[in-house]
Amino acid sequence: MRLLFSIGAVLVAGIFAGGDVAGIAAPGPKFEPPKNEPQRLAADRDAQTVDVELILAVDVSYSMDMDELAIQREGYAQAIQSKEFLQALKLGPNGRIAVTYFEWAASSDQKIIIPWRLVDGPETADAVAAEIMKTPIRRASRTSISGAITFAMPLFDEDPYRGLRRVIDISGDGPNNNGGPVTVARDAALEKGIVINGLPIMVKEPSYSTMDIDNLDFYYEDCVIGGPGSFVITIKDRDKFKEAIRTKLLMEVAGRTPERPVMRVADKEPRVNCLIGEKIWSDRWGR
């Protein structure tokens, strides 16, 4: 089930209502593995298990102004350091997550800012936040949500940790207008058991010059997100930008979904044309 809701519908408070291996078997007519080997292997596996493998995929296209990009960066850094986030982290079965953070624009433009990091408490959270903030802000052309999803999928195979859930978190302020169709990339991720959540940014009036669209929240729900419990948090107020990011991360860490979602329309057809971004680009540039 895909879920759509605004930040005002989320109550953040509701998110919270080894053996010794020295005794290797001596040579003999028949080799017998150490009796404690299964326990050691199980302990190693447990040490690598996290509650969620979380990919933060962040839009840096030119339609985002510099102020928005700065607030977005600060929002993620402050959310990871927040008391609420650390409390939610400790409520998980393992009390830790793995996170990576990359920025994206065109289908061939993705830049990893934070490689996979373990977050298990204040020190590791502070380290990740500091790493996010020290990287210079950049902007780039085009908007390829499909490229971001396609880039994100193999990152899970590179993660040294194994999560009980795998989540791609996409934030952006416009529809896909470059690369393959977003629905094809989304469906490929869903086939791998990956959940995609969305943070559509709607703080400006839609403009033809920046190829924004009305109802970007509907576009994200119908064309971008997917998987069990997937959801959208919409930012329509610049002053609530950071609050929305924190709420979204809390829910992803806690594995929660909204209590009062706004359901999709009765028919199964998208409410928005999932190729609308490509159409606007073609109409404007003739290609």
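The name an unreviewed UniProt entry gives the protein is DUF1194 domain-containing protein, with Bradyrhizobium amphicarpaeae as the organism.

*Asks:* Please provide a residue-by-residue account of the overall build of the protein, values included.
*Replies:* For the protein, the helix and strand inventory stands at ten helices and nine strands. Counting the 287 residues in the protein, one finds 49% classified as buried. As displayed, the protein has an accessible area near 13600 Å², and 54% of this comes from carbon and sulfur atoms.

*Asks:* Residues and numbers for the packing of aromatic side chains, please.
*Replies:* Summed over the entire model, instances satisfying the criterion amount to four aromatic pairs. Measuring from centroid to centroid gives 4.9 Å for Phe102 and Phe151, while their planes differ by 65°, and the two rings are edge-to-face. In this pair, Phe102 sits in strand 4 (residues 97–104) while Phe151 sits in helix 5 (residues 145–152), placing the two residues 49 residues apart along the sequence. Since its relative accessible area comes to 23%, Phe151 is described here as partly exposed. Seen from their ring centres, Trp116 and Phe156 are 6.1 Å apart, and the 40° between their planes marks the pair as tilted.

*Asks:* Just give me the short version of the state of the cysteines, but keep the residues and values in it.
*Replies:* Structurally, a disulfide amounts to a covalent bond that connects the sulfur atoms of two cysteines. On inspection of all chains with the given rule, the structure shows one disulfide. Bridging Cys223 to Cys274, the disulfide has an S-S length of 2.0 Å. Disulfide Cys223-Cys274: the torsion about the S-S bond is -85°, which places it as left-handed. Taken as a pair, Cys223 in helix 8 (residues 216–224) and Cys274 in the loop between helix 9 (241–254) and helix 10 (276–285) lie far apart in primary sequence, 51 residues in all. An identical accessibility class is assigned to Cys223 and Cys274; each is buried.

*Asks:* Lay out helix 3 (residues 83–90) with the relevant residues and their values.
*Replies:* By the burial criterion, the buried members of helix 3 are Phe85, Leu86, Ala88 and Leu89. Viewed end-on, helix 3 has its buried residues packed into an arc of 160°, placing them on one side of the element. Along helix 3, exposed side chains directed more than 90 degrees from the buried face belong to Lys83 and Lys90. Each element contacted by the buried residues of helix 3 is listed here: helix 2 (66–81), strand 4, strand 5 (110–119), helix 4 (122–134) and helix 9.

*Asks:* Describe the packing of helix 2 against helix 3, with residues and values.
*Replies:* Where helix 2 contacts helix 3, the axes come no closer than 5 Å and their chain directions differ by 55°. By the angle between their directions, the pair helix 2 and helix 3 is classed as oblique. On helix 3, the residues that touch Ala79, Ile80 and Gln81 of helix 2 are Lys83, Phe85 and Leu86. Within the contact of helix 2 with helix 3, the residues separate by chemical class into four nonpolar, one polar and one charged.

*Asks:* Go over the pattern of salt bridges, please, and point to the residues and values.
*Replies:* Applying the stated rule across the entire model yields 14 salt bridges. Among the salt bridges present, the one from Arg238 reaches Asp65, with a minimum N-O distance of 3.5 Å. With Arg238 in the loop between strand 9 (230–234) and helix 9 and Asp65 in the loop between strand 3 (53–59) and helix 2, this residue pair connects regions lying 173 residues apart in the sequence. For Glu103, the salt bridge identified is with Arg138, shortest N-O distance 3.7 Å. Residue Glu103 is found in strand 4, and its partner Arg138 is found in the loop between helix 4 and helix 5; the two are separated by 35 residues along the sequence. The two residues Glu103 and Arg138 agree in class, both being buried.

*Asks:* Report on the pairing of strand 5, specifying residues and quantitative values.
*Replies:* Regular strands place side chains that alternate from one sheet face to the opposite one. Where strand 4 lies against strand 5, seven bridges are found, and the strand directions are antiparallel. Among the inter-strand pairings, Tyr101 is bridged to a residue of strand 5, identified as Ile114. Between the end of strand 4 and the start of strand 5, which pair antiparallel, lie five residues.

*Asks:* So what's going on with the packing of helix 5 against helix 7 (residues 182–191)? Residues and values would help.
*Replies:* The interhelical angle for the contact between helix 5 and helix 7, taken along N-to-C directions, is 20°, at an axis separation of 8 Å. As the angle between them shows, helix 5 and helix 7 are arranged roughly parallel. For the crossing formed where helix 5 meets helix 7, the hand is left-handed. The segment helix 5 lies against helix 7, with Ile145, Ser146, Ile149 and Thr150 engaging Val182, Ala185, Arg186 and Ala189. For the contact of helix 5 with helix 7, the residue count by class is five nonpolar, two polar and one charged.

*Asks:* For the nonpolar core, give the residues involved together with the corresponding values.
*Replies:* Of all hydrophobic cores here, the largest spans 41 residues; its most connected members are Tyr76, Phe85, Ile97, Tyr101, Val119, Ile132 and Leu249. Per-element tally for this core: the top contributor is helix 9, with seven residues. Among residues more than four places away in sequence, those in contact with Leu249 are Leu54, Leu56, Tyr76, Ala79, Ile80, Phe85 and Asp169. Listed in part, the 34 residues of the second largest apolar core include Phe102, Ile145, Ile213 and Cys223.

Conventions and cut-offs
- Residues numbered from 1 in each chain as written.
- Predicted model: local features only at pLDDT ≥ 70, side-chain atom pairs only at ≥ 80, totals over all residues.
- Heavy atoms only, no water.
- Helix = DSSP H or I, 4+ residues; strand = E, 2+ residues; numbered from the N terminus.
- Buried < 20%, exposed > 50% of the residue type's maximum accessible area, 1.4 Å probe, protein only.
- Areas by Shrake-Rupley, 256 points an atom, 1.4 Å probe, with all protein chains shown as cover.
- Phe/Tyr/Trp six-rings, centres within 6.5 Å; stacked < 30°, edge-to-face > 60°.
- Disulfide = S-S within 2.5 Å.
- Arc of directions from axis to C-beta.
- Contact = heavy atoms within 4.5 Å.
- Axes fitted to C-alpha atoms, helices over the stretch in contact; angles between N-to-C directions.
- Parallel < 35°, antiparallel > 145°, perpendicular 65-115°, else oblique.
- Nonpolar A, V, L, I, M, F, W, Y, C, P; charged D, E, K, R; others polar.
- Salt bridge = Lys/Arg side-chain N within 4 Å of Asp/Glu carboxyl O.
- Pairing = 2+ DSSP bridges.
- Left-handed = near helix turned anticlockwise from the far one by under 90°.
- Core = buried A, V, L, I, M, F, W, Y, C linked by side-chain atoms within 4.5 Å.

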